[in-house]
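Next come the chains, spelled out residue by residue.
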Amino acid sequence: MPSTVTRLPEHQLDALARAYGEAVSQKRRQLLIGLALFVAATIVAGIVAEVRPATFVANIWRFTDYIGRIFTLDNGPNTGRPVFTDIAEWMWGLDKWLKLMWETLLIAYVGTLLGGIGAFAFCFLSARNLAPTRWAGIAAKRYLEFCRTVPEIVFALIFVVAFGLGPVPGVLAIAIHTFGALGKQFAEVAENIDMKPVDGLTATGATWVETMRFAVVPQVLSNFVSYALLRFEINVRGAAVMGFVGAGGIGQDLVEAIRKFYYADVSAILVLIILTVMAIDLGTERLRHRFLSMSTRS
Amino acid sequence: MSAGAMHPIRAQALADRVALEARHPDIFRPSPWARARALLVVGGLAALLVYGLWVLEFSPLKMIVGLGRLGEFMVHMIPPSTGTWAKFWIYLHALAETVAIAFLGVFTAAAIALPLGFLAAKNVVPNAVIHFLSRRMLDTVRGVDELIWALIWVSVVGLGPFAGVLALVCANVGAFGKLFSEAIEAADRKAVEGVASTGGAKLHAVRFGLLPQVLPVMAAQVLYYFESNTRSATIIGIVGAGGIGLHLAEQIRVLEYQHVSALILMILVTVALIDMVSTRLRFALIGDRGAR
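Please read all numbers here as calculations on a predicted model, not as lab measurements.

A. A look at the overall build of chain A. What chain A contains, in helices and strands, is 11 helices and zero strands. Rg of the C-alpha trace for chain A: 28 Å, well past the compact-globule value of 19 Å for 298 residues, more than 25% over. Taken over the C-alpha atoms alone, chain A extends approximately 85 × 70 × 50 Å along its principal axes. For chain A, buried positions account for 44% of its 298 residues. Long-range pairs, those at least 24 residues apart, make up 69% of the contacts in chain A between residues at least 6 apart in sequence. Surface summary for chain A: the accessible area is close to 16,100 Å², and the carbon and sulfur share equals 66%.

Structure follows, in structure tokens:
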């Protein structure tokens, strides 16, 4: 289909062009001001954080050197060769490390489950559409916020003093953080449900607990499981460093290896952690997709 | 609701229960198979929990003693106080350091991750080998926690906040690379094809077709991470990488609980402030989508 574009008369075109130019230059000005502010903030931050590019450049070889050294055997007959040439020597502590890794996974599991159960019970209180009273909702929300804003390592530090060294403070720290994080996500899911079944059950005279059980839970369960699995994956990473403050798991051995310069051990433990995290990552992703497709089908 | 105030519909339904059960057998009697499976899953989870509690040396006595001591700490924590003003200024400086670490860590990482994100996006670099390698590399970087990065960088550039910045950069590059590549893969192809159809080169298509679409999304993600990184930056001080974490760990060790609660309070206020600012900026950048 042939078409012609009619050109506007000059005086109209002029005004439009001027308006366009003004809009563009205003946008540019905004961008420049934003950029200037950003650069200023970066410089201030750089000064406060004692960024020393010269030190960095002068020491960057140490980093590559470090990476090289942790992948070099420092014990046994093959000392000085890359770790992959003598896997048995590299993974000399495999039994001990696997045991610690299993402990790490259990810390993450128990922490996620305990925190998840708490969040499950709590989210119905804090969801805006379900809260029995407005005050209960607000109080529950603030409490959840506190639990997830304080980093879990800080909880772990305090709990280590209270409960003593070992995995117990690690589990509790992860459980509290999980409680805060999942409580918020669960409440958001619960706020987006279809309210008709709730109204229906309320109309039959069901109690609050019965309403939650039969009208809300069936709608939200698959999403809850999906979020809990995602949180479990995050918690495995978290549990791996709990040992840094003496709260159990593989972190204890890792921090010791780094501090005492057992180079090959550092890489061995790091590889174990990364492989475990990846495996958990893949496993939970599969499970999550199954649960989410279940929820879209029904 | 008491039984006396039972709603007539409910009373009617209860009286008619037998007939109702006959009419809807699947609702009243879910298949035994599904029931058995649900029981099995719940039973397995519970068994693993009990086993875990046993392996991790949980005991009622330990819990009671620990909770008692924790209660004692709580009492000592009130009211939060830093003792002297001099201490307060030291903490405030450490807090500024923390925010600076988070700021630099996030934005440097974003600058590094931008090209990596394009490299790892299937629709920009349609090479399966490059795609696989870059994704796995980002996964590996992401698999190492920021505390571990902090320990490594401390042994490279020495104690201090600079090590913290580098640690956060490393941890963030992995996360951003993945998020950015996903954002790019989700972008609309039409704009890219439009630029290509007018004779634009591949880089033109990326610059004028792709970047305007994904930049606001990326900026929102970066701002979101700024808040969570402030939280991370508070803890890397525990391993000597600068910021307020150093003071926090120290005060917990010397049992100065009023200082501890004051420090936690300062962190909470800072995180809340940054959350507010970044939510606003996100909102300004991409409207409603960025508010969540």
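What follows picks up the thread again.
B. Seen up close, the domain arrangement of chain A. Under the domain assignment, chain A is made up of domain 1 (10–51) and domain 2 (91–297). Averaged C-alpha coordinates put domain 1 of chain A and domain 2 of chain A at centres separated by 43 Å.

C. How the structure looks around the nonpolar core. In this structure, Ile158(A), Phe244(A), Leu254(A), Trp149(B) and Trp153(B) are the most contacted members of the largest nonpolar core, which totals 135 residues. With residues near it in sequence (within four places) discarded, Trp153(B) still touches Phe56(A), Ile60(A), Phe63(A), Gly158(B), Ala163(B), Leu166(B), Ala167(B) and Cys170(B). Grouped together as the second largest cluster of nonpolar side chains are 21 residues, Leu144(A), Cys147(A), Phe186(A) and Val217(A) included.

D. Here's a closer look at the interface of chain A and chain B. Taken together, the contacts link 59 residues of chain A with 63 residues of chain B. Interface area for chain A against chain B, summed over the two sides, is near 5,600 Å², with a carbon-plus-sulfur share of 80%. For the pair chain A and chain B, the interface holds zero salt bridges. Across the side of chain A that touches chain B, the residue classes break down as 44 nonpolar, six polar and nine charged.

E. Region of the structure containing helix H2 (residues 53–70) of chain A. All names here are of chain A. The first and last C-alpha atoms of H2 sit 25 Å apart over 18 residues, in line with the 26 Å expected at 1.5 Å per residue. In H2, a bend of some 45° at asparagine 59 exceeds every other bend along the element. When we look at burial in H2, the residues that qualify are Asn59, Phe63, Tyr66 and Ile70.

F. Region of interest: the packing of aromatic side chains. Using the criterion set out here, one finds 28 aromatic pairs over all chains in the structure. With a centroid separation of 6.3 Å and an interplanar angle of 45°, the aromatic rings of Trp102(A) and Tyr51(B) are classed as tilted. Of this pair, Trp102(A) sits in helix H4 (residues 94–126) while Tyr51(B) sits in helix H4 (residues 32–55), which puts the two residues in different chains. Under the relative-accessibility criterion, Tyr51(B) is labelled partly exposed at 33%.

G. Fine view of a nonpolar patch on the surface. Residue and element names in this part refer to chain B. Together, Leu265, Val269, Leu273, Met276, Val277 and Leu281 give the surface a local cluster of nonpolar side chains, amounting to about 570 Å² of exposed area. Mapped onto the fold, leucine 265 is located in helix H13 (residues 257–286). Judged by relative accessible area, leucine 265 falls into the partly exposed class, the value being 47%.

Calculation notes
- Throughout, a residue's number is its position along its own chain's written sequence, starting from 1.
- Going through the entries in the order they are written, you letter the chains from A and number the ligands from 1.
- Local features in this predicted model are restricted to residues of pLDDT 70 or higher, and side-chain atom pairs are both shown and tallied only at a pLDDT of 80 or more, whereas totals for entire chains, interfaces and linings draw on every residue.
- Each side-chain value is worked out from all heavy atoms of the structure, with water and hydrogens disregarded.
- Here a strand is any run of E in DSSP of at least two residues, a helix any run of H or I of at least four, and the numbering for each starts at the N terminus.
- Note on method: radius of gyration uses C-alpha positions; expected globular size equals 2.2 Å times residues raised to 0.38.
- The buried label applies to any residue whose accessible area, calculated with a 1.4 Å probe on protein chains only, is under 20% of its type's maximum; exposed applies above 50%, and partly exposed to all values in between.
- The contact definition used throughout considers only heavy atoms, calling two residues in contact when any of these lie within 4.5 Å.
- Computed with the Shrake-Rupley method and a 1.4 Å probe, the accessible areas treat only the protein chains shown as cover for residues.
- Where each domain starts and ends comes from a domain assignment, either automatic or drawn from a database.
- Among buried residues, those of type Ala, Val, Leu, Ile, Met, Phe, Trp, Tyr and Cys that are joined through side-chain atoms within 4.5 Å constitute a nonpolar core.
- Accessible area that two parts lose when put together, with a 1.4 Å probe and added across both, is what the buried area reports.
- One speaks of a salt bridge when a side-chain nitrogen belonging to Lys or Arg is within 4 Å of a carboxyl oxygen belonging to Asp or Glu.
- Side-chain classes are defined by residue name, with Ala, Val, Leu, Ile, Met, Phe, Trp, Tyr, Cys and Pro counting as nonpolar, Asp, Glu, Lys and Arg as charged, and the others, Gly among them, as polar.
- A helix's residues, less one, multiplied by 1.5 Å, set its expected span.
- The bend at a residue is defined as the angle formed between two axes, one fitted to the seven residues ending at that residue and one fitted to the seven starting there.
- Note on aromatic pairs: the rings of Phe, Tyr and Trp (six-membered ring only in Trp) are paired at centre separations within 6.5 Å, and the planes decide the class, stacked below 30 degrees, edge-to-face beyond 60, tilted for the rest.
- Two joining distances apply to patches: 9 Å for like charges and 5 Å for nonpolar side chains (Val, Leu, Ile, Met, Phe, Trp, Tyr), and every residue must have over 30% relative accessible area and no salt bridge.

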